[in-house]
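Breakdown of the fold
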Amino acid sequence: MAKVTSEFKVHLTKSQKDKLIKLADKYETKDFLAEDPSQFLYYYKKPEDIELCAFIASLLSFGSRKQFIPKIKFIMEDADHSGGIYNWIKDHCFENLFSPSNNRKFYRFYSYKDMYHLFEKLSDIVYTEKTLGLFLSNKYSEKLNNGASADLNLIDVISEVFEKCNIVPSTKTSAKKRLCMFLRWMVRDNSPVDIGLWPWFKKENLLIPLDVHVLEESKKLGLLSEKALGTRKTAEELSKIAGQIFEGDPCRLDYALFGIGVDKDLH
């Protein structure tokens, strides 16, 4: 993880740390899946299907859950006719729904054309390396072997691979919340929610998925400065602090912050 310097100093008491740990314990359960997009981690059984389903689900997970969850289900239910999302992508069955000339909006500001280019790229990947995980693992290792910094983050590798796909965040200052969430799902192990399919990337190097809720709750707790913005730098700073609470597993703070949102009386 990139080193972050900041004039803002965090001084958490043992009581505050214990409270966050208890909240993470309370809310990192199977019940978390019911209304959360992480439910799609369990839509399929085969790893090659799971990682593709999770990737697509993470990219569409913004805005209202009542709107984006049906969109994800729409894709997966059509893929079921092909035996799963892996075959649906590999065999270009997505072309029955999505077209490179269709500019009609599919979800929010992403069009059917944008979705087509995403699926086309994924099809190229599974044709080249069999699975998305294997492809990204090789890309990540290749960059490290070619002299990339040891703190190279996988979200940046993903952005580079999908640089021509509008639906994948790519700006350097972006917190890339959706990609961070996807990697939380894929990398964290020993979790009743996150599935831990990719042990080749260290979970201590994950960044917390930084959305408005996480940002605001972190400010209220004194984890971040009131002036902190929803940027990559802030995500790195918060993840560094989270690593002091949840040693070796900073993304566990995500569950604690979710819990605070539910347990309003803890404010």
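We now turn to the structure provided with this report. (Residues numbered from 1 in each chain as written. Predicted model: local features only at pLDDT ≥ 70, side-chain atom pairs only at ≥ 80, totals over all residues. Heavy atoms only, no water.)

Description of the overall build of the chain
In terms of regular secondary structure, the chain is built from 11 helices and two strands. Tracing the chain from N to C terminus, the helices and strands come up as α-α-α-α-β-β-α-α-α-α-α-α-α. In terms of overall size, the chain behaves like a compact globule, its C-alpha atoms giving a radius of gyration of 19 Å where 267 residues would be expected to give roughly 18 Å. By principal-axis analysis of the C-alpha atoms, the chain measures approximately 55 × 45 × 35 Å. The burial tally for the chain puts 49% of its 267 residues in the buried class. Sequence-distant contacts in the chain: of pairs separated by 6 or more residues, those separated by 24 or more amount to 67%. Carbon together with sulfur atoms contributes 49% to the accessible area of the chain, which is approximately 13,100 Å² in total. Treating the 40 positive side-chain charges of the chain as one cloud and the 38 negative ones as another, the clouds have centres 3 Å apart. (Helix = DSSP H or I, 4+ residues; strand = E, 2+ residues; numbered from the N terminus. Rg over C-alpha atoms; globule rule 2.2 N^0.38 Å. Buried < 20%, exposed > 50% of the residue type's maximum accessible area, 1.4 Å probe, protein only. Contact = heavy atoms within 4.5 Å. Areas by Shrake-Rupley, 256 points an atom, 1.4 Å probe, with all protein chains shown as cover. Lys, Arg positive; Asp, Glu negative; His and termini not counted. Charge placed at Lys NZ, Arg CZ, Asp CG, Glu CD.)

Topic: helix 11 (residues 253–262)
Counting buried residues in helix 11 gives eight out of 10 residues, a clear majority hidden from the surface. Within the span of helix 11, buried status applies to L253, D254, Y255, A256, L257, G259, I260 and G261. Looking at the buried positions of helix 11, the neighbouring elements they touch are helix 1 (14–27), helix 8 (177–187), helix 9 (212–221) and helix 10 (232–245).

Topic: the packing of helix 2 (residues 47–60) against helix 8
Between helix 2 and helix 8, the shortest axis-to-axis distance is 8 Å and the interhelical angle comes to 150°. Judged on the interaxial angle alone, helix 8 and helix 2 are roughly antiparallel. Helix 2 and helix 8 meet at a crossing whose hand is right-handed. Across the interface between the two elements, I50, E51, A54, F55, A57, S58 and L59 from helix 2 touch R178, L179, M181, F182, W185 and M186 from helix 8. Classifying every residue of the contact of helix 2 with helix 8 by side-chain character gives 10 nonpolar, one polar and two charged. (Axes fitted to C-alpha atoms, helices over the stretch in contact; angles between N-to-C directions. Parallel < 35°, antiparallel > 145°, perpendicular 65-115°, else oblique. Left-handed = near helix turned anticlockwise from the far one by under 90°. Nonpolar A, V, L, I, M, F, W, Y, C, P; charged D, E, K, R; others polar.)

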